[in-house]
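Fold and geometry: a report
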Amino acid sequence: MKRLVSVTFVCALLVLVLAQTAWAAPPQYGPTTHIVRWGETLGHIAAWYGTTVDAIVQVNGIADPDRIYAGQRLTIPSGGAYPPVHGAYYRVRYGDTLSAIAWRYGTTTWAIAQANGIANVNLVYAGRWLYIP
């Protein structure tokens, strides 16, 4: 019984570690629709799609750019490369370390820390968006 619990725990841990967020690419031309996830901001969304916050606000008629909610559908005007040609964005999950994220993206811990203004490379919070150079 003890062995079964251990094997189940190890399998569950592996599933959690190996699970990654899938990003579906929008069409190359014309606007696309983005469904806001919890914790996202218009700044992150605009950067991800290579457009500006003002363009998203204008197209969607948003009165207050600081007030969007999870589940909200936004029309994203085409504004550039997807994802950004010069880097990527990653949302930190519970248990992530900068070194593991760096290894996953083929960069260094220090490059990520420097690009995001992180002073302590051993301290990163779940839910934070990181720019990956």
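Quick caveat: nothing in here was measured; it's all calculated off a predicted structure.

**Examining the overall build of the protein chain**
Within the protein chain, the regular secondary structure consists of five helices and four strands. When the elements of the protein chain are put in sequence order from the N terminus, they spell out α-β-α-α-β-β-α-α-β. Counting every position in the protein chain, which comprises 133 residues, the buried fraction comes to 30%. Restricting the contact set of the protein chain to residue pairs at least 6 apart, pairs at least 24 apart contribute 58%. A total accessible area of about 9,100 Å² is found for the protein chain, and carbon and sulfur atoms account for 61% of it.

**Some words on the confidence of the model for the protein chain**
For the protein chain, mean pLDDT is 77; residues scoring 70 or higher make up 74% of the total. Contacts for the low-pLDDT stretch residues 80-85, under 50 throughout, to residues beyond four places or in other chains number 15 contacts.

**Regarding helix α5 (residues 109-116)**
Residues T109, I112, A113 and N116 constitute the buried set of α5. Buried positions in α5, seen along its axis, are confined to an arc of 100 degrees and lie on one side of it. Away from the buried face of α5 by more than 90 degrees, exposed residues W110 and Q114 are located. Tucked inside the fold, the buried residues of α5 contact α4 (98-105) and β4 (129-132). Following α5 by one or two positions, G117 adopts a phi angle in the positive range, close to 65 degrees.

**A short note on the pairing of strand β2 (residues 73-76)**
The two faces of β2 differ: L74 and I76 on one face are buried, but R73 and T75 on the other face are not. Pairing of strand β1 (residues 32-35) with β2 involves four bridges; the strand directions are antiparallel. The residue bridging T32 from the neighbouring strand is I76, located in β2.

**Details of the nonpolar core**
Among the nonpolar cores identified, the biggest contains 15 residues, and L42, I45, I56, I62, I68, L74 and I76 are the most heavily contacted of them. For L42, the residues in contact, after removing those within four places along its chain, are V53, I56, V57, I62, P65, I68 and L74. Membership of the second largest hydrophobic core comes to 12 residues, among which are A102, I118, V121 and L130.

**Some details on the packing of helix α2 (residues 42-49) against helix α3 (residues 53-60)**
Across the interface, α2 lies against α3 with an axial gap of 8 Å and an inter-helix angle of 105 degrees. Our classification of the angle between α2 and α3 gives roughly perpendicular. Two secondary-structure elements touch here, α2 through L42, G43, I45 and A46 and α3 through V53, I56 and V57. The class makeup of the residues in the contact of α2 with α3 is six nonpolar, one polar and no charged.

**A few points about the packing of aromatic side chains**
Scanning all chains against the criterion turns up two aromatic pairs. Here the aromatic rings of Y90 and Y105 are separated by 5.9 Å at their centres, their planes lie at 70 degrees, and the arrangement is edge-to-face. Of this pair, Y90 sits in strand β3 (residues 88-91) while Y105 is found in helix α4, placing the two residues 15 residues apart along the sequence. Among the residues examined, Y105 registers a relative accessible area of 35% and is labelled partly exposed.

**Concerning α2**
An α-helix turns once every 3.6 residues. As a result, residues three or four positions apart point the same way. All buried positions along α2 are accounted for by L42, I45, A46, W48 and Y49. Viewed along the axis of α2, the buried residues span an arc of 160 degrees, placing them on a single side of the element. Packing partners of the buried residues in α2 comprise β1, α3, β2 and β3. Downstream of α2 by one or two residues, G50 has phi in the positive range, about 70 degrees.

Calculation criteria
- Residues numbered from 1 in each chain as written.
- Predicted model: local features only at pLDDT ≥ 70, side-chain atom pairs only at ≥ 80, totals over all residues.
- Heavy atoms only, no water.
- Helix = DSSP H or I, 4+ residues; strand = E, 2+ residues; numbered from the N terminus.
- Buried < 20%, exposed > 50% of the residue type's maximum accessible area, 1.4 Å probe, protein only.
- Contact = heavy atoms within 4.5 Å.
- Areas by Shrake-Rupley, 256 points an atom, 1.4 Å probe, with all protein chains shown as cover.
- pLDDT = per-residue confidence, 0-100.
- Arc of directions from axis to C-beta.
- Pairing = 2+ DSSP bridges.
- Core = buried A, V, L, I, M, F, W, Y, C linked by side-chain atoms within 4.5 Å.
- Axes fitted to C-alpha atoms, helices over the stretch in contact; angles between N-to-C directions.
- Parallel < 35°, antiparallel > 145°, perpendicular 65-115°, else oblique.
- Nonpolar A, V, L, I, M, F, W, Y, C, P; charged D, E, K, R; others polar.
- Phe/Tyr/Trp six-rings, centres within 6.5 Å; stacked < 30°, edge-to-face > 60°.

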